[in-house]
Structure formats: C-alpha cells, structure tokens
Amino acid sequence: MPTAASFSSAQARRLALSAQGFGTRQPASTLTAAHLNRVFQRLGVVQIDSVNALVRSHYLPLFSRLGDYSQGLFDQLAWGRGRQRKLFEYWGHEASLLPLELYPLMRWRMQQAQQGQGIYRQLAQFGREQQATIARVLAAVTEQGALGAGSLSTRQERAGPWWDWSAEKHALEWLFAAGQVTVAGRRGFERLYDLPERVLPGALLSQPCPGEPAAQRGLLLHAAGALGVATEKDLRDYFRFSPAESRGRLEELVEDGQLQRCSVQGWSQPAYCLGAPRVPRTVIASALLSPFDSLIWDRDRTERLFGFRYRLEIYTPAHKRVYGYYVLPFLHGERIAARVDLRAERAHDRLAVHALHEEEPGLDEEGMAALAGQLNQLAAWLGLARVQLNCPRVGTERLRQALVRADLSVSAIRKASSSD
C-alpha cells in the first residue's frame, strides 16, 4: 500500500496541536456549555484523576484550551440531569469522561468485563467467586439508587490505604465495568452509582450494540481525529487497546480508505492520518498542561513530537525529584518551553510557584510574559488572590518582573474601564 503523505516534524506538531483543540481560545464571557461540549467531542476522552494539588486534574484540559470557563458548566455536562448531561464515566483511557455518543462503542468492553476478558482480567476472579455479593449490591442500588461504596460497606475492621477496597466496593467496580451500573454523580470525589436507565437517555441505551470489530474501528477513527497524525501504538493507547485488538482493525480501516498511511520525519514507525489533513501554517497557543492531558499522556509520543522528556514525580521520594511534586509543562507557540511546579495554597489564598525550569533555548520576553499571563489566569480561575513565587532558580526574577508588568496592565485596564 503506497504511503499517502510525508510530514516534517514541525508539521506533525501542528497537526497534533490543532487536532487537540489548541489555538482556539475565546473571551471568557462568551464561553458556554456548547463550547465545552465541542472540546469533549473533539478529544473523545478526558482522563479523571484524584490528584488535587491545583484542582482535580480533569478540569485542567479544558482550561488549557478555552481559558477561564465555569467549572459549573463542566459539572453540568458530566453529572447534570436530563438533557444537561452530555458525558458518561467509563474506562476509556484509564478512568475517563467520554461523550454520550461513544457509549454504544464501549458496550463491547462492558461485555468483556462480564466475561473477565481484556483489561478486566483482574476483576475476573472476583466476578467468579463473589456473585452473591455482586447480586446483593446490585439489589441495593436498584432499590435505593445513587449509592456510594461507603454506604454499602459491611466491613467491621478499619479500612487500610485507599486501595484496600471493601467487598462492596469491588462489587460496584465489577458492576460498573460490566455496564450494569453507571456513575450518576459524585459526592466530593466519591462516585455515586445508579442503574444506567435512571441516568442515561433511553434512546442511547436502546441503540443496537455494534459488534466488537465495528466498535473498535469507530474508536480508532476517533483517536486518529483527536491525535492528527499517529503511530499504531499512539492510536492503540488512546482508548487502551491491546496490540492484537488494534493492528487488525487498523489494516481494515486502511483497506476501506478511512485511514491513510503516512510518514513523519524522525519517526521510526509508520504513521496514520484521516484522509489528507490540512496542516496549519502555525498554531498560536500558550497553555499550562495537566500531567494527564491527552496531548502529553503518552510520554513516548511527547518526546517524538516535542523533544520533551516528561515524567510525573508525585510518587517519587522528595529527595529524588528532579523538577518537583506537581509539574505542569508550559506550551508556548509550538514547543513545550518550560516546566512549572505549582500548588494551590488555598489557606493562604495564593497560587504558589515552587519551581520554574526552562527548556533550551529558554523563554524569550514574549514567552515569559505569556507564562505570567497564564499563571495569573490560572490563579483567577481557581479563585486565588495572587501568584506567589517560591523559586530561587535563575529565571524566576524575570518571571517576577513579568508578573508585575501583567498586574500593572490589568490595573490600567480596570482604571480605564471604570473611567468610561
């Protein structure tokens, strides 16, 4: 099969950034639930994580792309009632929020869970041995609705670490993976489970279930659209397929003409794209990225696209950390130009910058001003009064000056507005 196209590394970066929705920010006053929903539709999956050093990490990808949006709009799309709800929780790329339109394409994975196959083998033994517990928990949810694991637990001893689940929690997770319950909402970060027919639209649940091959092809096509240009492993990782599941489906998509093979300068593996994508001349974007953002969650792909090696050091002992506890890459222009270790210190009403590490060749004045602007916007979005620099590293003084200039500019704008 002939190669459809060849892209330079710079073109591949632009394709990836454009496909991921960067460079489309609008004034905060104009942002609606429809804008947020379009981002979800484009990405197809937003990873959920419990880390709360700044804010729950699933809120950050939309801030990176849209700016100062209302988290209430996010919650409405994710856990709202009736027509407000546009998303559902499931195992997409880890625990994730996905558009409702993808629900039928995940039914094959729910069937795998019931059979103890695929990524659910670890639940298989529990499913075989604890049918009585599973039935009791399902009956409780059916009778009472919207229950958390804590309200069902019969364990008498004190719970251990967070992974020390009760039998009832295991049963809920089995039922969730099997599609017999879904997440109705959250209490804090605790999932509340209910029957799908009481949470999701009836028309959605009554749709015919696509066969496994068709569903996998649909998800791979969505991944290709969200990634712009990607290797087989990139596409496979987006919705967590196994190699056996993805390779045959990709061949079918190429044969059908729905995917095109292509090549990227510097990539050792063949790549794929949708049709003949239009490469943007440039992508103008400045954004602080969640460690779990779909632009960078595949660390190998991040190195190929940006020449940027990134590892999360939350679970690394403090004395062994290189960059910090909760480090956000800073995207500026078409490169990842810096790393910033950030913390929301709510008791002190401030966004604390514990470290700034610039990537070679560093940030120019425009880049430093953009970083200062993003930090100020992030603090305001989180409801924090100021940005506090706690970093003695070289370059921090330049950031301090940029923050001062940004504050002066904002003050001048406010004065001009009040005089009008």
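Residues numbered from 1 in each chain as written. Predicted model: local features only at pLDDT ≥ 70, side-chain atom pairs only at ≥ 80, totals over all residues. Heavy atoms only, no water.

Identification of the protein chain as Winged helix-turn-helix domain-containing protein from Pseudomonas fontis is taken from an unreviewed UniProt entry.

A. Up close: the packing of aromatic side chains. Summed over all chains, the structure comprises twelve aromatic pairs. Taken together, a centroid distance of 5.4 Å and an interplanar angle of 45° make the contact between tyrosine 69 and tryptophan 381 tilted. Here tyrosine 69 is found in the loop between helix H3 (60-66) and helix H4 (71-79), whereas its partner tryptophan 381 is found in helix H14 (residues 365-381), with 312 residues between them in sequence. We classify tryptophan 381 as buried; its relative accessible area is 8%. Considering the side-chain rings of tyrosine 238 and tryptophan 297, the 5.2 Å spacing of their centres and the 55° angle between planes classify their relative orientation as tilted. Residue tyrosine 238 is located in helix H11 (residues 232-238), and its partner tryptophan 297 is located in the loop between strand S10 (286-288) and helix H13 (299-306); the two are separated by 59 residues in the primary sequence. Each member of the pair, tyrosine 238 as well as tryptophan 297, is classed as buried. Counting every residue linked through ring pairs, the aromatic cluster contains Phe40, Tyr59, Phe74 and Trp79. (Phe/Tyr/Trp six-rings, centres within 6.5 Å; stacked < 30°, edge-to-face > 60°. Helix = DSSP H or I, 4+ residues; strand = E, 2+ residues; numbered from the N terminus. Buried < 20%, exposed > 50% of the residue type's maximum accessible area, 1.4 Å probe, protein only.)

B. Highlighting the sheet that holds strand S7 (residues 230-231). Judged by pairing direction, the sheet is mixed, and its four strands sit side by side in the order S1-S8-S9-S7 without closing on themselves. Sheet topology places strand S1 (5-7) and S7 at the edges, where each strand pairs with a single neighbour. Pairing between S7 and strand S9 (residues 271-273): two bridges, direction antiparallel. The residue bridging threonine 231 from the neighbouring strand is alanine 271, located in S9. (Pairing = 2+ DSSP bridges.)

C. Representation of the nonpolar core in the model. Residues Leu54, Phe74, Leu342, Leu371 and Leu378 are the most contacted members of the largest nonpolar core, which totals 109 residues. Counting 25 residues, the second-largest nonpolar core is a separate cluster that includes Ala12, Val229, Trp267 and Cys273. (Core = buried A, V, L, I, M, F, W, Y, C linked by side-chain atoms within 4.5 Å.)

D. Structural context of helix H10 (residues 212-227). Here H10 contains 16 residues, and its C-alpha end-to-end distance of 22 Å stays within 8% of the 22 Å for a straight helix at 1.5 Å per residue. At the C-terminal side of H10, glycine 228 shows a positive phi close to 85°. (Expected span 1.5 Å × (residues − 1).)

E. Broad picture of the sheet that holds strand S3 (residues 87-92). Taken in spatial order, the three strands of this open sheet run S2-S4-S3, and their pairing is antiparallel. The strands lining the two open edges of the sheet, one partner per strand, are strand S2 (46-47) and S3. Here S2 runs beside strand S4 (residues 94-99); their pairing, made up of two bridges, is antiparallel. Each residue of the ladder has a partner; that of valine 46, found in S4, is leucine 97.

F. The arrangement of the pattern of salt bridges in detail. Counted under the stated rule, the structure contains 27 salt bridges. Close ionic contact of arginine 191 with glutamate 173 constitutes a salt bridge, the shortest N to O distance being 3.0 Å. Residue arginine 191 is found in strand S6 (residues 190-194), and its partner glutamate 173 is found in helix H8 (residues 167-177); the two are separated by 18 residues along the sequence. There is no split in this pair, since arginine 191 and glutamate 173 are both buried. Between aspartate 234 and arginine 304 there is a salt bridge; the shortest N-O distance is 2.6 Å. Linking aspartate 234 in helix H11 with arginine 304 in helix H13, this pair joins segments that are 70 residues apart in sequence. On the accessibility criterion, arginine 304 (27% relative accessible area) is partly exposed. Taken together, the salt bridges that share partners define one network made up of Glu89, Lys169, Glu173, Arg186 and Arg191. (Salt bridge = Lys/Arg side-chain N within 4 Å of Asp/Glu carboxyl O.)

G. How the structure looks around the pairing of S3. Counting buried positions along S3 gives five out of six residues, so the element sits mostly inside the fold. In the sheet, S3 pairs with S4 via six bridges, with the strands oriented antiparallel. In the sheet register, phenylalanine 88 faces S4, and the bridge partner there is leucine 98. Turn length for the S3-S4 hairpin, with the two strands adjacent in sequence and antiparallel, is one residue.

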